[in-house]
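Structural features, examined
These are the residues of each chain, in order.
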Amino acid sequence: MAYVISNDCVACGTCIDECPVEAISEGSIYSINPDACTECGSCAAVCPTESISLP
């Protein structure tokens, strides 16, 4: 089960550089490609708004 980004995302970009498989896409709210996500948790660990979690 891949991580997801909630509507609390402020599109700061912190998570993108942390993803080792480049599963995160930019937008007004970022999104995670569930097929690429390896569930490592790197993105969730650095999110300043705690917007990234497992569903």
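Look a little higher up for the structure.
Calculation rules
Residues numbered from 1 in each chain as written. Predicted model: local features only at pLDDT ≥ 70, side-chain atom pairs only at ≥ 80, totals over all residues. Heavy atoms only, no water. Helix = DSSP H or I, 4+ residues; strand = E, 2+ residues; numbered from the N terminus. Rg over C-alpha atoms; globule rule 2.2 N^0.38 Å. Buried < 20%, exposed > 50% of the residue type's maximum accessible area, 1.4 Å probe, protein only. Contact = heavy atoms within 4.5 Å. Core = buried A, V, L, I, M, F, W, Y, C linked by side-chain atoms within 4.5 Å. Polar contact = N/O pair within 3.5 Å; in protein donor to acceptor, adjacent residues only side chain to side chain.

Brief notes about the overall build of the chain
A tally of regular secondary structure across the chain gives two helices and four strands. In sequence order, the chain lays out its α and β elements as β-α-β-β-α-β. Its C-alpha radius of gyration of 9 Å places the chain within 12% of the 10 Å reference for a compact globule of 55 residues. Projected onto its principal axes, the C-alpha coordinates of the chain cover approximately 25 × 20 × 15 Å. Out of the 55 residues in the chain, the part that is buried amounts to 31%. In the chain, 57% of the contacts between residues at least 6 apart in sequence involve partners at least 24 apart.

A word on unusual backbone geometry
Here E39, not a glycine, exhibits a phi torsion of approximately 60°, which is positive. Considering the arrangement of structural elements, one finds E39 in the loop between strand 3 (31-32) and helix 2 (42-46). Accessibility expressed as a relative area gives 39% for E39, which makes it partly exposed. A positive phi is found at E50, a non-glycine position, where the angle reads about 50°.

Considering the nonpolar core
If you look at the biggest cluster of nonpolar residues, it comprises 14 residues, and the most contacted ones within it are I5, I24, I32, C43 and I52. Apart from the residues within four sequence positions on either side, C43 is in contact with Y3, C15, I24, I32 and I52.

Observations regarding the side chain of S51
With respect to the helices, strands and loops of the structure, S51 is situated in the loop between helix 2 and strand 4 (52-53). Reaching out from S51, the side chain makes a polar contact with the side chain of T49 at a distance of 2.5 Å. Setting aside its immediate chain neighbours within four residues, S51 contacts V4, I5, S6, D8 and C9.

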